[in-house]
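Spelled out, the chains give:
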Amino acid sequence: METEATRERLRALVEAGIALSSELSLDALLRKAATAGGREVRITVDGGYEPALIKVPAGEPVRLLFDRRDTSPCSEEVVFPDFGIRQFLPTGKTTPIEITPPKPGKYEFMCGMSMLRGSIIAEPSVSSDSAR
Ligand SMILES: [Cu+2]
């Protein structure tokens, strides 16, 4: 889902990238791009969540890509109680779930039976002005 705000941020990012590219490594630029244009984290579901601990900046949208490999009924659903999300995960497919942790803290997710567990750790985000 691309919004006008996202396009604006991307445009600003490209300009900032051109201005700073002589100082910043490509890696740092890509990390900046991921933050501005929508952060993505791939999570493998195979008898558990890998990684089971995901750190993200608070207040920013993150897209979690659940790549389910197993066929156990246990892992067929993932639940984010804090966000009112209960999502079916088809085996052999990647299912995106977008959340925005509103404030720093721990947001747990689990299978439909609460046996498999993982956590999103939302950290205080560093403002772009003081980043460097
Ligand atoms: Cu389960």
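Described below are features of the structure shown in this document. (Residues numbered from 1 in each chain as written. Predicted model: local features only at pLDDT ≥ 70, side-chain atom pairs only at ≥ 80, totals over all residues.)

Concerning the environment of V56
Now for step 1: Looking at where V56 falls in the secondary structure, it is placed in strand β3 (residues 53-57).
Now for step 2: Taking the C-alpha atoms as reference, V56 lies 9.3 Å from V41; in sequence the two are 15 residues apart.
Now for step 3: Every residue in contact with V56, bar those within four places of it in the chain, is listed here: R39, V62, P101, I120 and A122. (Helix = DSSP H or I, 4+ residues; strand = E, 2+ residues; numbered from the N terminus. Contact = placed C-beta atoms within 7 Å.)

Structural notes on unusual backbone geometry
Now for step 1: Cis geometry marks the peptide bond from E50 to P51; its omega dihedral reads -5 degrees.
Now for step 2: Its place among the elements puts P51 in the loop between β2 (49-50) and β3.
Now for step 3: With a phi close to 65 degrees, S114 is a non-glycine residue in the positive phi region.
Now for step 4: Its location among the elements puts S114 in the loop between β8 (105-111) and β9 (117-123).
Now for step 5: Among the residues examined, S114 registers 10 C-beta atoms within 10 Å and is labelled exposed. (Buried ≥ 20, exposed ≤ 12 C-beta atoms within 10 Å, placed from the backbone.)

Focus on the pairing of β9
Now for step 1: Side-chain alternation along β9 places G118, I120 and A122 on a buried face and R117, S119, I121 and E123 on a face that remains uncovered.
Now for step 2: Taken together, the 6 bridges between β8 and β9 define a ladder with antiparallel strand orientation. Bridged to E108 within β9 is S119.
Now for step 3: Remark: 5 residues form the turn of the hairpin made by β8 and β9, two consecutive strands paired antiparallel; S114 in that turn has positive phi of roughly 65 degrees. (Pairing = 2+ DSSP bridges.)

Digging into the sheet that holds strand β4 (residues 62-68)
Now for step 1: With respect to topology, 4 strands assemble into an open sheet ordered β2-β1-β4-β7, the strand pairing being mixed. The strands lining the two open edges of the sheet, one partner per strand, are β2 and β7 (94-99).
Now for step 2: With 7 bridges connecting them, strand β1 (residues 39-45) and β4 associate as parallel partners. If you follow V45 over to β4, its bridge partner there is R68.

Points about the sheet that holds β9
Now for step 1: Across the sheet, which stays open at both edges, the 5 strands sit in the order β3-β9-β8-β5-β6 with mixed pairing between neighbours. Edge strands, defined here as strands with exactly one partner in the open sheet, are β3 and β6 (85-88). Each adjacent strand pair in this sheet contributes to an overall mean axis angle of 20 degrees, direction not counted. (Axes fitted to C-alpha atoms, helices over the stretch in contact; angles between N-to-C directions.)

Thoughts on the nonpolar core
Looking at soluble globular proteins, one finds that nonpolar side chains tend to be buried together.
Now for step 1: I43, V45, F66, V78 and I120 are the most contacted members of the largest nonpolar core, which totals 14 residues.
Now for step 2: When neighbours within four sequence positions are excluded, V78 is seen to be in contact with F66, Q87, L89, F109 and C111. (Core = buried A, V, L, I, M, F, W, Y, C linked by C-beta atoms within 7 Å.)

With respect to the environment of R69
Now for step 1: Residue placement: R69 occurs in the loop between β4 and β5 (77-80).
Now for step 2: Taking the number of C-beta atoms within 10 Å as the measure of exposure, R69 has 12 and is therefore exposed.
Now for step 3: Sequence separation of R69 and G92 is 23 residues, and the distance between their C-alpha atoms is 5.4 Å.
Now for step 4: Apart from the residues lying within four places of it in its own chain, the contact partners of R69 are T44, V45 and D46.

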